[in-house]
Amino acid sequence: MAFFSKLKDKLFKSSSKLEEGLDAIVEDGGEVDESSASDVMSASGAAVAVATMDEPQDAVAKAGLLSRLTGQGGAVVKRELDDDMLEQLEELLIASDMGVDTALRVTANIAEGRLGKRVSSDEIKALLAGEVARIMETVARPMPLYASKPQVVLIVGVNGAGKTTTIGKLASQFRAAGKSVVIAAGDTFRAAAVEQLQVWGERAGVPVLTAPEGSDPASLAFDAMSKAEADGADLLMIDTAGRLQNRQDLMEELAKIVRVIRKKDPDAPHNTLLVLDATTGQNAINQVETFQKLADVSGLVMTKLDGTAKGGILVSLADKFGLPIHAIGVGEQIDDLQPFDPEEFAAALIGLEQS
Ligand SMILES: Nc1nc2c(ncn2[C@@H]2O[C@H](COP(=O)(O)OP(=O)(O)OP(=O)(O)O)[C@@H](O)[C@H]2O)c(=O)[nH]1
């Protein structure tokens, strides 16, 4: 529960956008539900005015005002689920970065068997949260760990996506779980990237292997593999460059890293994590497509979910690629990496209170 409220706080921008949008859609063309209006009437003399209104729209406005004034929230506005409403719903979902295909599918599922029925905004939110959770359940999986030592995790993603931060957070979590970890600073072309990784290594209490600027990342990866083996380390995390400007070079670089570590362990890398910045919205789709060509991506980490109005991109990614989402980044601090929970995510995204 504490975690949920943290996620909801952090996903506030997404949830408020969807939440307000859904409320507005139901209120637009909705009417006060008779049964709930009479509940309010019995609770407050002022509500008689609401029940005798001729104009449904006025009644809706008054009911909203009344529930705010009395704090009872008793008068429920319901709207008939028709084509207009479904279209508005589709637009809202597309605007929240869910992607056109996913938005259409989710809306169609909500409509199934309910066309012509009157629904409240809470009911629509619950239906939507159920649909989102159903899509996300198939991808919510922790990073698999295998028996062999060291487990090699290759971290890929564009510059600025949050690779360094994620490596630091992961290293800290594995250390806390009693595992020994080694990090290889494989983006040897950028001194600043190496320095930043060293800072995170210190924070996490994990050694960071570096190589001179401009040297071959594959040779560093090989040395790091030897050190991790010699130390009996449980986990070796290899950072990589994210220069998409020169894809051919990057592809060769990643392929070479994989080739050399396989000389030591034919099953390595055991995981290839693609780190994606959730604030980039639909651009994350292109990044998955590109990195799937460059490397054998086995799972995703979604960063910067705090403070973004683009949380819907996760639904789009899950629906389109089905790649496991191992973790989400919800801040810049070392403990701001959370396991991915589909129901909490869906509720936080839509602004639904969880009981
Ligand atoms: N708010 C927030 N910021 C994050 C999160 N993850 C990373 N960041 C920030 O994003 C920026 C880029 O993160 P890095 O970890 O340096 O990204 P990188 O992919 O290693 O980038 P390069 O070092 O340029 O290759 C930093 O300012 C981080 O503090 C997150 O989950 N939430």
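Owing to the predicted nature of the structure, the values given are computational and were not obtained by experimental measurement.

For strand 10 (residues 325–329), a buried count of 5 out of 5 residues is recorded, marking the element as mostly surrounded by other parts of the structure. Alignment of strand 9 (residues 299–303) against strand 10, held across 3 bridges, turns out to be parallel. Paired with Val301 across the two strands is Ala327, which belongs to strand 10. Note that the unit made of strand 9, helix 14 (residues 313–321) and strand 10 has a crossover that is right-handed. By the bridge criterion, 3 bridges tie strand 10 to strand 11 (residues 337–339) in an arrangement that is antiparallel. Residue pairing across strands places Ile328 opposite Gln338, the latter belonging to strand 11.

What surrounds the ligand is a group of 18 residues, the closest being Gly160, Thr164, Thr165, Asp306 and Glu332. Within the contact set of the ligand, an oxygen atom lies 2.9 Å away from a backbone nitrogen or oxygen of Gly162. The separation between a nitrogen atom of the ligand and a polar side-chain atom of Asp306 is 2.7 Å. When the ligand sits alone it has 640 Å² of accessible area, and the protein chains cover 81% of it. Ranked by residues supplied to the shell around the ligand, first place goes to helix 9 (residues 163–176) with 4 residues.

The next point concerns helix 10 (residues 191–204). With 14 residues, helix 10 extends 20 Å between its outermost C-alpha atoms, agreeing within 8% with the 20 Å of an ideal straight helix rising 1.5 Å per residue. Within the span of helix 10, buried status applies to Ala193, Val194, Leu197, Trp200, Gly201 and Ala204. Buried residues along helix 10 cover an arc of 120° about the axis, so they all sit on one side. Within helix 10, the exposed residues directed more than 90 degrees away from the buried face are Ala192, Glu202 and Arg203. Each element contacted by the buried residues of helix 10 is listed here: helix 9, strand 5 (181–184), strand 6 (208–209) and strand 7 (235–239). Backbone geometry just after helix 10 places Gly205 at a positive phi near 70°.

Look at helix 7 (residues 100–111): 16 Å from first C-alpha to last across 12 residues, which is about the 16 Å you get at 1.5 Å a residue. Every buried residue belonging to helix 7 is among Thr102, Ala103, Val106, Thr107, Ile110 and Ala111, and all of these are buried. When helix 7 is viewed along its axis, its buried side chains cluster within an angular range of 165° and face the same direction. Of the surrounding elements, those touching the buried residues of helix 7 are helix 6 (83–95), helix 8 (121–137) and helix 14. Gly113 sits one or two residues past helix 7 and shows a positive phi near 75°.

Criteria and thresholds
- Residues numbered from 1 in each chain as written.
- Predicted model: local features only at pLDDT ≥ 70, side-chain atom pairs only at ≥ 80, totals over all residues.
- Heavy atoms only, no water.
- Buried < 20%, exposed > 50% of the residue type's maximum accessible area, 1.4 Å probe, protein only.
- Helix = DSSP H or I, 4+ residues; strand = E, 2+ residues; numbered from the N terminus.
- Pairing = 2+ DSSP bridges.
- Right-handed = clockwise from strand over helix to strand, strands pointing away.
- Near = heavy atom within 4 Å.
- Polar contact = N/O pair within 3.5 Å; in protein donor to acceptor, adjacent residues only side chain to side chain.
- Areas by Shrake-Rupley, 256 points an atom, 1.4 Å probe, with all protein chains shown as cover.
- Expected span 1.5 Å × (residues − 1).
- Arc of directions from axis to C-beta.
- Contact = heavy atoms within 4.5 Å.

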